[in-house]
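# Remarks on the overall topology
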Amino acid sequence: MELEGRWRDLDYLLNRQGNVVGPGFEPGPEIREFLQSDCRVLVVGAGGLGCELLKDLALSGFGCIDVIDMDTIDVSNLNRQFLFRMQDVGQSKANIAAQRIMQRISGVKVTPHHCMIQEKTLDFYEQFHVIVLGLDSLEARRYMNSVACSFLEYDEDGQPDLATVKPMIDGGTEGFKGHARVLIPGITPCFECTLWLFPPQTKFPLCTLAETPRSPAHCIEYAKIILWPKERPDDTFDADCEEHMRWMYDKALARASEFGIQGVTYQLTQGVVKNIIPAIASTNAIVAAQCTLEALKLVTMCSSGLNNYMMYSGTDGVYTLTTPYERDDKCPICSAGVSFDAAPSTTLQELIDMLMKDPDLGKHLSAPSVSYGSTNLYMRGALEQQTRPNLEKPISELVDGDGSVIHINDRQLVAAMKVRLKFGPSNGEMDS
Amino acid sequence: MIRLFSVREKQKKDAAAAANGKTVKQSAGELRLQKDISELDLPKNVSIRFPNGNDKIMNFEITLKPDEGLYKGGAFLFTFAVPTGYPHDPPKVKCVTKVYHPNIDLEGNICLNILREDWKPVLSISAIVYGLTYLFLSPNADDPLNKEAAAMMQQSPAQFERVVSQSVARGCSIGGEFFPAARGDRSG
């Protein structure tokens with residue numbers, strides 16, 4: 001049964017004109033219909049942020065939500081991952097989260113996927129209008145970034161083809177700090193454009209760990225990095241295994257007492273080994289709310305969106321700042337790259353010569369190497385000898401066909417340059 | 001801001017999308033590593049091997065034959081495992097040839113700052129190779145990973161020199177631990 005007035009506030013946004021609406025916004029009831037019946041949103045991660053995101057999206061009118069997470073519920077999640085209960089411990093986060101949202105919010109369909117993000121194929125990701133990330137690692141973000149950017153195509157004028165743009169909203173929290181970010185491949189910067197922004201993990205020098213430990217964390221890291229591989233070389237360490245963690249703690253404690261260091265506890269051991277930063281429920285709530293709002297704005301255009309990064313800090317009062325990050329026009333992942341005409345029968349050597357003679361490209365190249373995905377077609381440096389035989393082969397033998405994207409590396413380039421091969425209908429037979 | 005979806009047209013599926021059954025071909029980390037490898041001009045005393053073939057470059061081996069210093073005459077094998085998080089995360093490097101060295105322990109862990117605390121994404125495989133070369137030219141007893149080796153190097157440099165040359169050339173026992181001749185194979 002639909003509660004009366006359930007959509008009143010949403011309808012205010014979607015059924016009326018306004019001064020800050022996005023481009024092409026035409027108010028009307030069909031926008032909510034679209035949101036509830038046709039719009040597909042994927043939430044990546046069903047942890048602290050994920051629970052908030054699912055709840056917010058469902059309550060904001062998104063009717064068809066998918067959620068993917070490989071993790072199972074741990075007892076330590078229960079303080080903030082509010083969709084989970086004691087009896088759910090050990091079960092799939094995605095499955096339980098989906099179940100709970102559907103129990104509590106009528107009219108929403110949540111489809112869970114209990115697997116790794118790498119297990120899904122590109123056509124899985126392609127079906128979504130928008131992807132919202134609630135992740136805790138840069139590695140997973142970079143993976144999702146490659147996924148979103150792999151759909152992107154540019155037209156002849158170097159403008160992104162809007163039908164191939166897969167927008168993502170990224171949320172992130174760390175203690176009292178958080179961010180929300182809008183990634184529209186081809187339009188706003190992707191993760192690789194601004195990779196330098198991510199601070200490195202603090203790591204202790206190995207010799208400090210081995211010889212001059214000064215803090216409890218040094219003792220725990222020592223147990224993890226030095227002692228485990230030495231004393232249990234055949235076991236793969238599993239942070240979720242009680243016995244493994246207990247072993248780590250005992251070793252760290254022994255190490256600490258040897259050096260007169262106070263403060264090694266089981267909890268700290270878990271924290272250091274799993275690299276846990278205390279999660280704050282309110283930070284998750286604030287960041288997820290912003291992300292949901294951005295997703296809503298992006299698909300309905302009821303307001304212009306965040307441009308393009310918002311940071312939040314709750315350490316000292318409440319502070320937010322919005323900054324537009326800039327794209328890297330040479331980004332190897334999201335940049336347009338260049339189209340290059342070549343007959344399929346052109347040999348790799350001829351192709352390299354043509355690239356170097358090209359008035360635009362040639363000036364950036366002195367000694368180019370060429371790769372195609374993971375396949376190293378011709379590499380200078382360490383693989384020169386091994387890849388040299390490819391120089392004589394026609395490119396049609398080396399790549400999949402018309403429109404294949406190869407990467408050119410050269411000392412004069414900061415990063416790999418994308419080149420889209422166009423097999424012109426000119427001379428030479430068309431290869432399949 | 002741009003308008004991405006037309007609500008009225010709903011969603012017209014573009015049949016051109018050739019995503020069927022595919023996954024992402026290559027990690028951004030591998031793409032960056034390709035650049036490193038294509039620019040890796042190794043000095044004569046260093047060689048590289050890709051045991052899994054030319055197109056699987058995330059794991060490789062480097063052999064270093066120091067041409068100067070105490071370790072001259074030896075050959076040392078290092079394994080490199082490059083994570084998909086590269087270059088945000090550094091490669092994992094181990095010295096799998098057993099060596100008596102103040103900054104390398106018996107498990108092959110290496111105390112080289114750019115491999116851990118001072119790693120920066122602007123560094124490259126080439127920088128690590130230079131770092132390793134330097135470590136064999138100038139062992140550093142102030143930051144020991146093998147404490148006994150460091151102590152000997154500081155307290156009796158002549159003895160240290162002698163046992164290192166002997167272990168590298170012919171193999172010998174030092175403090176009850178046998179170090180086979182450093183011939184560039186896995187002896188760790």
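What counts and what doesn't
Residues numbered from 1 in each chain as written. Chains lettered and ligands numbered in written order. Predicted model: local features only at pLDDT ≥ 70, side-chain atom pairs only at ≥ 80, totals over all residues. Heavy atoms only, no water. UniProt positions renumbered as here; feature names shortened; annotations may be inferred. Helix = DSSP H or I, 4+ residues; strand = E, 2+ residues; numbered from the N terminus. Rg over C-alpha atoms; globule rule 2.2 N^0.38 Å. Buried < 20%, exposed > 50% of the residue type's maximum accessible area, 1.4 Å probe, protein only. Contact = heavy atoms within 4.5 Å. Core = buried A, V, L, I, M, F, W, Y, C linked by side-chain atoms within 4.5 Å. Salt bridge = Lys/Arg side-chain N within 4 Å of Asp/Glu carboxyl O. Polar contact = N/O pair within 3.5 Å; in protein donor to acceptor, adjacent residues only side chain to side chain. Nonpolar A, V, L, I, M, F, W, Y, C, P; charged D, E, K, R; others polar. Phe/Tyr/Trp six-rings, centres within 6.5 Å; stacked < 30°, edge-to-face > 60°. Lys NZ or Arg CZ within 6 Å of the ring centre and 35° of its normal. Domains from an automatic or database assignment. Pairing = 2+ DSSP bridges. Axes fitted to C-alpha atoms, helices over the stretch in contact; angles between N-to-C directions.

In the nomenclature of an unreviewed UniProt entry, chain B is known as UBC core domain-containing protein of Chlorella vulgaris. You can read under Function (unreviewed entry) in the UniProt record for chain B the words "Accepts the ubiquitin-like protein NEDD8/RUB1 from the ECR1-AXR1 E1 complex and catalyzes its covalent attachment to other proteins." Quoted verbatim from the Pathway (unreviewed entry) heading of the UniProt record, the comment on chain B is "Protein modification; protein neddylation."

Chain A appears in an unreviewed UniProt entry as NEDD8-activating enzyme E1 catalytic subunit from Chlorella vulgaris. Of chain A, the UniProt comment under Sequence similarities (unreviewed entry) reads exactly: "Belongs to the ubiquitin-activating E1 family. UBA3 subfamily." If you open the UniProt record of chain A and go to Function (unreviewed entry), you find "Catalytic subunit of the dimeric E1 enzyme, which activates NEDD8."

## Let's talk about the overall build of chain B
Counting secondary structure elements, chain B contains four helices and six strands. Counting from the amino terminus, helix and strand elements in chain B follow one another as α-β-β-β-β-α-α-α-β-β. Radius of gyration (C-alpha) of chain B: 23 Å, far over the 16 Å computed for a compact globule of 188 residues. By its C-alpha atoms, chain B is 85 × 30 × 30 Å across when sized along the principal axes. Per-residue burial over chain B gives 51% buried out of 188 residues. Long-range pairs, those at least 24 residues apart, make up 52% of the contacts in chain B with a sequence separation of at least 6.

## Structural notes on the nonpolar core
Membership of the largest hydrophobic core comes to 54 residues, with the highest contact counts inside it found for L54, F62 and I65 of chain A. Counting residues per element, this core draws most heavily on helix α11 (residues 281-300) of chain A, at seven residues. Discounting residues that sit within four places of it in the chain, L54 of chain A has contacts with V43, I65, V67, L83, A97, I101 and V110 of chain A. Core analysis: the next-biggest nonpolar cluster, separate from the first, contains 46 residues, I48, M58, F80 and Y86 of chain B among them.

## Looking at the interface of chain B and chain A
In this complex, chain B contributes 52 residues to the contact, which on the side of chain A involves 74 residues. Between the two partners, chain B and chain A, sit four salt bridges. Of the charged contacts in the structure, one is a salt bridge between K230 of chain A and E107 of chain B, with a shortest N-O distance of 3.9 Å. Counting every contact that joins chain B to chain A gives 18 residue pairs in polar contact (both at pLDDT 80 or more). A total of eight residues in the side of chain B that touches chain A trace back to one element, the largest contributor, which is helix α1 (residues 28-38) of chain B. Residues of the side of chain B that touches chain A, tallied by class, amount to 22 nonpolar, 13 polar and 17 charged.

## Things to note about the packing of aromatic side chains
According to the stated counting rule, one finds 16 aromatic pairs over all chains in the structure shown. Look at W228 of chain A and W247 of chain A: their rings are 5.0 Å apart centre to centre, the planes differ by 85 degrees, and that puts the pair in the edge-to-face class. Of this pair, W228 of chain A sits in helix α8 (residues 216-231) while W247 of chain A sits in helix α9 (residues 242-258), and the two are 19 residues apart along the sequence. Classification of W228 of chain A as buried rests on a relative accessible area of 5%. Grouped by ring-pair contacts, the aromatic residues Y71, F76, F78 and F136 of chain B constitute a single cluster. Its end group placed over the ring of Y222 of chain A, R255 of chain A keeps NZ or CZ at 3.5 Å from the ring centre.

## As for the UniProt feature "active site" (unreviewed entry) in chain B
When the UniProt feature table is mapped onto this chain, "active site" (unreviewed entry) is found at C111 of chain B. Within the fold, C111 of chain B resides in the loop between β4 (92-95) and α2 (125-137). Using a relative accessible area of 10% as the deciding quantity, one classes C111 of chain B as buried. Beyond its immediate stretch of four places on either side in the chain, C111 of chain B contacts L206 and C207 of chain A together with N103, L135, D143 and L145 of chain B.

## Observations regarding the pattern of salt bridges
Residue and element names in this part refer to chain A. Evaluation of the coordinates by the stated rule reveals 24 salt bridges over all chains. The salt bridge partner of R232 is E243, with a shortest N-O separation of 3.2 Å. Remark: E243 occurs in helix α9 and R232 occurs in the loop between α8 and α9; sequence separation between them is eleven residues. Exposure remark for R232: the relative accessible area of 14% places this residue in the buried category. The exposure class of E243 is partly exposed, given its relative accessible area of 42%. A single network of salt bridges, built from pairs that share partners, joins E52, K55 and D56.

## Things to note about the domain arrangement of chain A
You can read the domains of chain A as domain 1 (8-198 + 279-323), domain 2 (206-273) and domain 3 (338-423). Relative to domain 2 of chain A, the C-alpha centre of domain 1 of chain A lies at a distance of 37 Å.

## So, the sheet that holds strand β10 (residues 369-372) of chain A
Reading across from one edge, β9-β13-β12-β10-β11 (chain A) is the order of the five strands in this open sheet, with mixed pairing throughout. Edge positions in the sheet fall to β9 (338-342) and β11 (375-378) of chain A, since each has one partner strand and no second. Between one strand and the next, the sheet's axes are offset by a mean angle of 35 degrees, whatever the strand orientation. This element, helix α12 (residues 348-357) of chain A, spans β9, β10, β11, β12 (405-409) and β13 (417-423) of chain A of the sheet and lies at about 125 degrees to β9 of chain A. Strand contacts of α1 of chain B: β10, β11 and β12 of chain A, with the helix running at about 40 degrees to β12 of chain A, the strand carrying the most contacts.

## A look at the pairing of β13 of chain A
Working note: regular strand, side chains alternate between the two faces of the sheet. Residues and elements named next belong to chain A. Among the seven residues of β13, five are classified as buried, and the element is accordingly described as predominantly covered. Strand direction decides the pairing type here: β9 and β13, joined by five bridges, are parallel. If you follow F340 over to β13, its bridge partner there is L421. As paired strands, β12 and β13 are joined by four bridges and run antiparallel to one another.

## Re unusual backbone geometry
Residue N308 of chain A is bonded to the preceding N307 of chain A through a cis peptide linkage, with omega at -25 degrees. Mapping N308 of chain A onto the fold places it in the loop between α11 and β7 (309-313). Looking along the chain, the bond that leaves Y86 of chain B and enters P87 of chain B is cis, with omega of 0 degrees. Tracing the backbone shows P87 of chain B in the loop between β3 (76-81) and β4. In this model, M301 of chain A sits at a positive phi of 65 degrees, which is unusual for a non-glycine residue.

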